[in-house]
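# Working through the structure, step by step
The chain contents come next:
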Amino acid sequence: MCTPFTVHPDLKAHDAKMIQKVITLNGYIHTAYAYSPSNMTMIEGDDGVILIDTLPTLEFAKPVVEEFKKITDKPIKAIIYTHVHPDHISGVRAFVSEEQVKSGEVEII
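Residues numbered from 1 in each chain as written. Predicted model: local features only at pLDDT ≥ 70, side-chain atom pairs only at ≥ 80, totals over all residues. Heavy atoms only, no water.

## Examining the overall build of the chain
On a plain count of helices and strands, the chain comes out with four helices and six strands. Taken over the C-alpha trace, the chain has a radius of gyration of 17 Å; the compact-globule value for 109 residues is 13 Å, which it surpasses by more than 25%. Within the chain, the proportion of its 109 residues that are buried is 28%. Taking contacts inside the chain between residues at least 6 apart in sequence as the whole, the part at least 24 apart equals 55%. Accessible surface, the chain: about 7400 Å² in total, of which carbon and sulfur atoms supply 58%. Where the 10 positive side-chain charges of the chain centre and where its 15 negative ones centre are 5 Å apart. (Helix = DSSP H or I, 4+ residues; strand = E, 2+ residues; numbered from the N terminus. Rg over C-alpha atoms; globule rule 2.2 N^0.38 Å. Buried < 20%, exposed > 50% of the residue type's maximum accessible area, 1.4 Å probe, protein only. Contact = heavy atoms within 4.5 Å. Areas by Shrake-Rupley, 256 points an atom, 1.4 Å probe, with all protein chains shown as cover. Lys, Arg positive; Asp, Glu negative; His and termini not counted. Charge placed at Lys NZ, Arg CZ, Asp CG, Glu CD.)

## Re the sheet that holds strand S6 (residues 107-108)
Ordered by their spatial adjacency, six strands build an open sheet running S1-S2-S3-S4-S5-S6, and the pairing between neighbours is mixed. Sheet topology places strand S1 (21-25) and S6 at the edges, where each strand pairs with a single neighbour. Taken together, the two bridges between strand S5 (residues 76-80) and S6 define a ladder with parallel strand orientation. Across the sheet, residue Ile-79 finds its bridge partner in S6, namely Ile-108. Lying on the sheet, helix H2 (residues 58-71) is in contact with S1, strand S2 (29-33), strand S3 (40-44) and strand S4 (49-52); it crosses S3 at an angle near 20°. (Pairing = 2+ DSSP bridges. Axes fitted to C-alpha atoms, helices over the stretch in contact; angles between N-to-C directions.)

## With respect to the nonpolar core
Formed by 17 residues in total, the largest nonpolar core has its most connected members in Met-40, Leu-51, Val-64, Phe-68, Ile-76 and Phe-95. When residues of this core are traced back to their parent elements, those giving at least two are S3, S4, H2 and S5. The biggest single contributor to this core is H2, with four residues. Residue contacts for Leu-51: discarding those within four places in its chain leaves Met-40, Thr-41, Met-42, Phe-68, Ile-76, Ala-78, Ile-79, Ile-80 and Phe-95. (Core = buried A, V, L, I, M, F, W, Y, C linked by side-chain atoms within 4.5 Å.)

As structure tokens, then:
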């Protein structure tokens, strides 16, 4: 007889904390939490925003685009990659186009 799979209670408790939300700090720093295995942050300036990391895929990033649009319609001026692992950079095309980067409209740092 097979035993059904179970999940340890500690893992269930941890999973319950992983609710997708945007957390705002000081009114202008917005972190997209639990949209993917990695997080990303938007810093809102006077005339534009800076993104820090862009999540692992377009599918993970697209809901964050919509949430950030609810906060501001300011243009993206720069994207900062904390490091180049795919889970931090591969969602970039959900936020900006290759043309925006090539033209200098958006700077990748």
